[in-house]
Amino acid sequence: MGETHVPPDTSSANHHHGHSETAIYVVSGHPSFVFLEPGRDGLADREIRIDTGPGDYVFVPPWVPHREENPDPDEAAVVVIARTTQEAIVVNVPDLTWVGPARTTARVPDQSG
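Summarised in this report is the structure supplied together with it. (Residues numbered from 1 in each chain as written. Predicted model: local features only at pLDDT ≥ 70, side-chain atom pairs only at ≥ 80, totals over all residues. Heavy atoms only, no water.)

### Brief notes about the nonpolar core
Right, on to step 1. In terms of nonpolar packing, the biggest core is built from 9 residues, these being Ile24, Val26, Phe33, Phe35, Val58, Val60, Val64, Val79 and Ile81.
Right, on to step 2. Where this core is concerned, the elements lending two or more residues are β4 (22–28), β5 (32–37), β7 (57–60) and β9 (77–83). (Core = buried A, V, L, I, M, F, W, Y, C linked by side-chain atoms within 4.5 Å. Buried < 20%, exposed > 50% of the residue type's maximum accessible area, 1.4 Å probe, protein only. Helix = DSSP H or I, 4+ residues; strand = E, 2+ residues; numbered from the N terminus.)

### Focus: the packing of aromatic side chains
Right, on to step 1. Evaluated as defined, the whole model comprises 1 aromatic pair.
Right, on to step 2. Between Tyr25 and Tyr57, the aromatic rings sit 4.9 Å apart at their centres with planes inclined by 50 degrees, giving tilted as the arrangement. One end of the pair, Tyr25, is in strand β4; the other, Tyr57, is in strand β7, and 32 residues separate them in sequence.
Right, on to step 3. On the basis of relative accessible area, Tyr25 is assigned to the partly exposed category, the value being 31%. (Phe/Tyr/Trp six-rings, centres within 6.5 Å; stacked < 30°, edge-to-face > 60°.)

This is how it looks when you write it as structure tokens:
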């Protein structure tokens, strides 16, 4: 668990956190979290944006590509991040398309190959 300061007018790269679950608590500012909703029935994929403020919580499941943004031109955002792994796994990806194994539970994938 740790505190992160997100400078004004910034955006992370598209990424996921591998097998780690991530929980975020917004302390101050108004960061946004961007995910991709796959298109269905012939509809195009679309970005889903979660705009937050102080006191909000965001949960990011394992393997889910996303992007964090702080669109405010003047105010930094402060968030507390907790993960289910000791290491801070960050895997940058070219876009928000799903890249991980399909899971309905949060368990560590078999690393034996």
